[in-house]
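Structural characterization, general
Listed here are the chains, written in short residue letters.
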Amino acid sequence: MAESAKTIRDTDDEARLLARRLVRGARYAAIGVLEPDTGFPFTSRVLTGTDTDGAPVILISSLSAHTTALTADPRASLLFGEPGKGDPLAHPRITLRTRAVRIAREDQRHNELRTRFIRRHPKAALYADFPDFAFFRMSPESASLNGGFGKAYALEAGDLIISSPAIADMAALEASAIEHMNMDHLDAIDGYARAYAKSKRTGWKLCGIDCGGLDLALGDELIRIEFDMPLEDSTQLRAKLAEMNRFASQK
């Protein structure tokens, strides 16, 4: 037991940043649930979005096996991380232990989650309103991060969730801020992608803004840019975007 504990590194800010990028920068994840009839683990793939505090959100049909399982037992694991080239085990990945909460259509949060999710996954608008589909907020309870060989970390929920008193205020202005940036500041958005994510492509648009950072989309590609610190007030957003633009202009 003592030998096993030595393989887990102390969780530091670099590990937390990697974990948040893996989760918030993903378009999909593998989900693991428990089949109610057999007790066997069952895995599948789901599209993922995020709530305004960074918690994963999924949109699934009641006809699916994983919805049946989550209804019986809300515990689920989500695996994030792209294999990339070469040895798939050499690339970062993270497994979240979560508890699923179904969001009812009459719940105010439903429309908020729907808007954010469809900005990230436009094609989901084709079926999001079907009566058998529902959004689930996957509230993280803990996580196991593997940053590559010899880089294992145990994370808590607080390492993954955005902590800020401005979350609700930021959510209220998110749509208008995204519209403004995508209409008037496309060059700045391309600059963010270049400077903060080393992208050589152009044509990026914002698809998400929260207190912790920005989500950029270009076709099927998604970039998550984390702020150095979560915004504590929604009025700080304009100054933060201008600061990032100045930094990008120097690159």
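Further up the page is the structure itself.
Now for a quick tour of the structure. (Residues numbered from 1 in each chain as written. Predicted model: local features only at pLDDT ≥ 70, side-chain atom pairs only at ≥ 80, totals over all residues. Heavy atoms only, no water.)

Some details on the packing of helix α5 (residues 167-184) against helix α6 (residues 186-197)
Remark: α5 packs on α6, axes separated minimally by 5 Å, with the N-to-C direction vectors making an angle of 95°. The angle between α5 and α6 places the two elements in the roughly perpendicular class. In this structure, α5 contributes M181, N182 and D184 to the contact, and α6 contributes L186, I189 and Y192. Residues that form the contact of α5 with α6 fall into these classes: 4 nonpolar, 1 polar and 1 charged. (Axes fitted to C-alpha atoms, helices over the stretch in contact; angles between N-to-C directions. Helix = DSSP H or I, 4+ residues; strand = E, 2+ residues; numbered from the N terminus. Parallel < 35°, antiparallel > 145°, perpendicular 65-115°, else oblique. Contact = heavy atoms within 4.5 Å. Nonpolar A, V, L, I, M, F, W, Y, C, P; charged D, E, K, R; others polar.)

Looking at the layout of surface pockets
If you add up the space inside the largest pocket, you get close to 900 Å³. Residue assignment for the lining of the largest pocket shows that the elements contributing at least two residues are α2 (13-24), β2 (28-34), β3 (41-50), β5 (75-80), α6 and β11 (221-226). Ranked by residue count, the leading element in the lining of the largest pocket is β11, at 5 residues. In the lining of the largest pocket, the residues fall into 17 nonpolar, 6 polar and 8 charged. Taken as a whole, the second largest pocket holds about 420 Å³ of empty space. Forming the walls of the second largest pocket are 19 residues, and the residues nearest its centre are R20, E226, F227, D228 and P230. (1 Å grid on protein atoms, 1.4 Å probe; cavity = no way out; pocket = protein on both sides within 12 Å on 5 of 7 lines; lining within 4 Å. Points joined across faces, edges and corners; volume = space filled by probe spheres on them.)

Looking at the pairing of strand β7 (residues 133-146)
Counted residue by residue, β7 has 10 buried out of 14 residues, so it is predominantly covered. Strand direction decides the pairing type here: strand β6 (residues 93-103) and β7, joined by 11 bridges, are antiparallel. If you follow I103 over to β7, its bridge partner there is F135. With 5 bridges joining them, β7 and strand β8 (residues 152-156) adopt antiparallel strand pairing. Bridge pairing links A143 to L155 in β8. The antiparallel pairing of β7 with β8 creates a hairpin that spans 5 residues between the two strands, and G148 there sits at a positive phi of about 130°. (Buried < 20%, exposed > 50% of the residue type's maximum accessible area, 1.4 Å probe, protein only. Pairing = 2+ DSSP bridges.)

Re α6
Across its 12 residues, α6 extends 16 Å between first and last C-alpha, which sits within 8% of the 16 Å expected from 1.5 Å per residue. Listed as buried for α6 are A188, I189, D190, G191, Y192, A193 and A195. One or two steps after α6, the chain reaches K198, where phi turns positive at roughly 55°. (Expected span 1.5 Å × (residues − 1).)

Observations regarding the pattern of salt bridges
Enumeration according to the criterion identifies 21 salt bridges in this entry. Between D13 and R16 there is a salt bridge, and its shortest N-O distance comes to 3.0 Å. Pair noted here: D13 and R16 are both in helix α2, with a separation of 3 residues, about one helical turn. Accessibility expressed as a relative area gives 61% for D13, which makes it exposed. (Salt bridge = Lys/Arg side-chain N within 4 Å of Asp/Glu carboxyl O.)

Nothing here speaks to function; it is geometry throughout.
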